[in-house]
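Close look at the chain arrangement
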Amino acid sequence: GAVVSQHPSRVICKSGTSVKIECRSLDFQATTMFWYRQFPKQSLMLMATSNEGSKATYEQGVEKDKFLINHASLTLSTLTVTSAHPEDSSFYICSAQVAGKEKLFFGSGTQLSVL
Amino acid sequence: KQEVTQIPAALSVPEGENLVLNCSFTDSAIYNLQWFRQDPGKGLTSLLLIQSSQREQTSGRLNASLDKSSGRSTLYIAASQPGDSATYLCAVTQGGSEKLVFGKGTKLTVNP
């Protein structure tokens, strides 16, 4: 099956620093990638949707200047958490979709802890 | 605003039991419903996808049903095994949107 590789799996950073999370589709071209986050004991919540070569569409309440998403190629999307704060500590997970297909393929997630 | 609720939040059963996980959603105007499995450190795996026009889907020991009008879905797991231990997530997609709305999940533990 299709594989989505997400790195890093876990990151600890100091408050005020920026963290980049990568999401790669290894054996298929992902025309659309989705970024979710999950706070403890809460549901996965969609943060943004990105299509290759265009600007990401952010969900209400998600700051686009804080969570920078780049989808420059059909196999790579990155999420950069800028000036991270402890309240950004969460589980971030990406998913990828092939054009015209309903099935989503998820990365393994990144646990971010901001001290 | 669509809301997805999963009951129970956690479930522990002995190996071999048949079990049912429940999912309900507030807005019946869905496009499809999916059940996922979430393993620690391994992301999500799609188990079953039911289109809004379908009543059920089966894959091996798994059977998912959908009652769109009442806003409910169930995931039936037959002859449970310790390897089935994971968190099971239910998610719906609204018509015209690719956005998935997830429930909080049911954490299943199957004891040998």
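We now turn to the structure provided with this report.

Definitions and cut-offs
- Along each chain, residues carry numbers from 1 onward, in the same order as the chain's sequence is written.
- Here every chain gets a letter starting at A, and every ligand a number starting at 1, in the order they are written.
- With the structure being a predicted model, the display of local features is reserved for residues of pLDDT at least 70 and the display and counting of side-chain atom pairs for 80 or more, all residues being used for whole-chain, interface and lining totals.
- No hydrogens and no water enter the side-chain calculation; it runs on all heavy atoms of the structure.
- Each helix is a run of DSSP H or I of at least 4 residues and each strand a run of E of at least 2, with the numbering of both proceeding from the N terminus.
- Exposure categories follow from relative accessible area, calculated using a 1.4 Å probe and restricted to protein chains: below 20% of the type maximum is buried, above 50% is exposed, and the middle band is partly exposed.
- By the convention used here, residues are in contact when the closest approach between their heavy atoms is within 4.5 Å.

1. Things to note about the overall build of chain A
A tally of helices and strands in chain A yields zero helices and 11 strands. In sequence order, chain A lays out its α and β elements as β-β-β-β-β-β-β-β-β-β-β. When the backbone C-alpha atoms are referred to their principal axes, chain A occupies close to 40 × 25 × 25 Å. The 115 residues of chain A split such that 49% are buried.

2. Digging into the environment of Lys 66 of chain A
All names here are of chain A. By the secondary structure assignment, Lys 66 is in the loop between β6 (57–58) and β7 (67–73). The class of Lys 66 is buried, set by a relative accessible area of 11%. Residues Lys 66 and Ser 9, 57 residues apart in the sequence, show an inter-C-alpha distance of 20 Å. Apart from residues lying up to four places away in sequence, Lys 66 is in contact with Thr 80, Val 81, Thr 82, Ser 83, Ala 84, His 85 and Asp 88.

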